[in-house]
Amino acid sequence: MSSATARRICGRCTTSGLCLSDPDHDGACDAEGPPQLLSADRRWAVRATDPAPALATVLVHNLQLGLFRSDPLRQMRQGLVRATNRMLREFRASAGAGLRVIWIAQAGVGELLPGLAVRDEDERLVKPRISAFFGTDLDQRLMAMSASRDVECRQLVIVAGITTHADVRSTAIDAVQRGYDVRVAVDVIGSDDPEHESITERWLAESRLARVQTIAAIADDLATLRAERARGLRGLTADGQRR
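Now for a quick tour of the structure. (Residues numbered from 1 in each chain as written. Predicted model: local features only at pLDDT ≥ 70, side-chain atom pairs only at ≥ 80, totals over all residues. Heavy atoms only, no water.)

Strand order in the open sheet made by the 6 strands is β6-β5-β4-β8-β9-β10, with parallel pairing throughout. The outermost strands of the open sheet, each flanked by one partner alone, are β6 (123-127) and β10 (211-213). On average, each strand axis in the sheet is inclined to that of its neighbour by 25°, with strand direction left out of account. The sheet contacts of helix α2 (residues 73-95) involve β4 (56-61), β5 (99-106), β8 (156-162) and β9 (181-190), and relative to β9 the element is tilted by about 140°. Across the sheet, helix α4 (residues 164-177) lies against β4, β5, β6, β8 and β9, angled at about 170° from β8, the strand it touches most. (Pairing = 2+ DSSP bridges. Helix = DSSP H or I, 4+ residues; strand = E, 2+ residues; numbered from the N terminus. Axes fitted to C-alpha atoms, helices over the stretch in contact; angles between N-to-C directions. Contact = heavy atoms within 4.5 Å.)

On the secondary structure map, T57 appears in strand β4. On the basis of relative accessibility, which here comes to 5%, the residue T57 falls in the buried class. (Buried < 20%, exposed > 50% of the residue type's maximum accessible area, 1.4 Å probe, protein only.)

The subject of this paragraph is the packing of α4 against helix α5 (residues 194-207). Put simply, α4 and α5 touch, their axes get as near as 9 Å, and they point 20° apart. By the criterion of interaxial angle, the relationship of α4 to α5 is roughly parallel. Here α4 and α5 pass one another in a crossing that is left-handed. Facing T164, H165, R169 and I173 of α4, the residues of α5 in contact are H196, E197, T200, E201 and W203. Of the residues assigned to the contact of α4 with α5, the class counts are 2 nonpolar, 4 polar and 3 charged. (Parallel < 35°, antiparallel > 145°, perpendicular 65-115°, else oblique. Left-handed = near helix turned anticlockwise from the far one by under 90°. Nonpolar A, V, L, I, M, F, W, Y, C, P; charged D, E, K, R; others polar.)

By themselves, these are just geometric observations and shouldn't be taken as functional.
Listed below in structure tokens is the structure:
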């Protein structure tokens, strides 16, 4: 069972992601809307009959025409398109229907790069600033699950795209602060500032806030999570009780 409690989303909760900034906000929030499950480590539970929540969400940042007009990003363009498509192909093979993809776009800088393997079911999100969480409903999208579930599923957020030292780093840190299990796909990121990109990769890895991993390593983790979920659901009756 998850240790999280059901609380209603209010303006403050929407902003902070967790209803922890006010000591009186303890399940008694009278905001409109259905209860949401808020957990310090973003673990959720499912019944055997529930639609399975995503094993992982991939946040692909800023692969837009307007950001690749000058070097060095212009030189990285085709390589990042190929790497992104390979990442999604391998992750989809590992996670099956459990993979969710959100294409994060910076406001006002053009369409996605041609050649990207965007699917109809993929989501899009336009962000006004550096982090994908700032001024958007990203946290609410990631938390959109029922409060009445019974088998825990780890919430994995994978960050990719550009730029490593700004958007990727900011979103990764914000995701960590909200309690998600965060991975940075090191072979699907890029920057116009190699020095600060290197510093960012090293700092994220050494601080252990997020795991900086290759496509292959993340794909292996996804396959493991998929197997863990399958074992957990096979052990439940339709009403969520252990057999």
